[in-house]
Amino acid sequence: MDVLIHVFVALHIIGIASLLGGFLTQMKAMGAGTARFVPAMLHGALTMLVTGVALVGLNQADGNHVNNIKIGVKLLVLIVVLALVYIKRDEEKVDKGAFAAVGGLTLLNIFIATLWT
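Thresholds applied
Residues numbered from 1 in each chain as written. Predicted model: local features only at pLDDT ≥ 70, side-chain atom pairs only at ≥ 80, totals over all residues. Heavy atoms only, no water. Salt bridge = Lys/Arg side-chain N within 4 Å of Asp/Glu carboxyl O. Buried < 20%, exposed > 50% of the residue type's maximum accessible area, 1.4 Å probe, protein only. Axes fitted to C-alpha atoms, helices over the stretch in contact; angles between N-to-C directions. Helix = DSSP H or I, 4+ residues; strand = E, 2+ residues; numbered from the N terminus. Parallel < 35°, antiparallel > 145°, perpendicular 65-115°, else oblique. Left-handed = near helix turned anticlockwise from the far one by under 90°. Contact = heavy atoms within 4.5 Å. Nonpolar A, V, L, I, M, F, W, Y, C, P; charged D, E, K, R; others polar. Expected span 1.5 Å × (residues − 1). Core = buried A, V, L, I, M, F, W, Y, C linked by side-chain atoms within 4.5 Å. pLDDT = per-residue confidence, 0-100. Phe/Tyr/Trp six-rings, centres within 6.5 Å; stacked < 30°, edge-to-face > 60°.

### Here we look at the pattern of salt bridges
Opposite charge on two side chains permits pairing when their charged atoms draw close. Inspection of the entire model under this criterion finds 1 salt bridge. Among the ionic pairs, lysine 88 bridges to glutamate 91, the shortest N-O distance being 4.0 Å. According to the relative accessible area criterion, glutamate 91 is partly exposed, its value standing at 32%.

### Side note on the packing of helix 3 (residues 39–61) against helix 4 (residues 68–87)
Where helix 3 contacts helix 4, the axes come no closer than 9 Å and their chain directions differ by 160 degrees. In this view, helix 3 runs roughly antiparallel relative to helix 4, as classed from their interaxial angle. The handedness of the crossing between helix 3 and helix 4 comes out as left-handed. Together, Met41, Leu42, Ala45, Leu46, Met48, Leu49, Val56 and Gln60 of helix 3 and Asn68, Ile71, Leu75, Leu78, Leu82, Val85 and Tyr86 of helix 4 make up the contact between the two elements. When its residues are assigned to classes, the contact of helix 3 with helix 4 shows 13 nonpolar, 2 polar and no charged.

### Regarding helix 1 (residues 2–25)
Along its 24 residues, helix 1 runs 34 Å from first to last C-alpha, staying within 8% of the 34 Å computed at 1.5 Å per residue. All buried positions along helix 1 are accounted for by Ile5, His12, Gly15, Ile16, Leu19, Gly22 and Phe23. Residues of helix 1 that are buried sit in contact with helix 2 (27–32), helix 3, helix 4 and helix 5 (96–115).

### As for the nonpolar core
Nonpolar side chains in soluble globular proteins tend to be buried together. In terms of nonpolar packing, the biggest core is built from 20 residues, with Leu19, Phe37, Met41, Val85, Phe99 and Val102 touching the most fellow members. If you list the elements that add at least two residues to this core, you get helix 1, helix 2, helix 3, helix 4 and helix 5.

### Observations regarding the confidence of the model for the protein chain
When pLDDT is averaged along the protein chain, the result is 96; 100% of the residues meet or exceed 70. Ranking the elements of the protein chain by mean pLDDT puts helix 2 last, at 92, and helix 4 first, at 98.

### Quick word on the packing of aromatic side chains
Summed over the entire model, instances satisfying the criterion amount to 2 aromatic pairs. When the centroid spacing of 5.0 Å and the interplanar angle of 25 degrees are considered together, the rings of phenylalanine 23 and phenylalanine 99 count as stacked. Here the residue phenylalanine 23 occupies a position in helix 1, and phenylalanine 99 occupies one in helix 5, the gap between them amounting to 76 residues. As far as the burial class goes, phenylalanine 23 and phenylalanine 99 line up, both buried. Relative to phenylalanine 99, the ring of phenylalanine 37 lies with its centre 5.4 Å away and its plane at 25 degrees, an arrangement referred to as stacked. Of this pair, phenylalanine 37 sits in the loop between helix 2 and helix 3 while phenylalanine 99 sits in helix 5, and the two are 62 residues apart along the sequence. Phenylalanine 37 sits in the buried class, given a relative accessible area of 1%. Of the residues examined, phenylalanine 99 reaches a relative accessible area of 0% and is grouped as buried. Among the aromatic residues, those joined into a ring-pair cluster are Phe23, Phe37 and Phe99.

Here it is, written out as structure tokens:
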């Protein structure tokens, strides 16, 4: 079971890398006002959602303690990110506020994951 959990952790990290990487590649465009949500950002957020839910289930099935409040907060942040990216995915230009919100919430999710013990 540990190997399976580690595989899903790796996939979860790939998802966050895709979401954050897509954001970072559009930073220059954000300054010019032409930023858009690239498909990698949507796919990364969806990957995070699926692997995160799987990780909670696998850890509970393995008898590991899961901090449900932390997971709930992370899920809420991810749902907001996913909603913003999904709704505005086909727009040629995304306003700076929405784009910055996705980047900030993504970083918030990373800090919650790593600093909340």
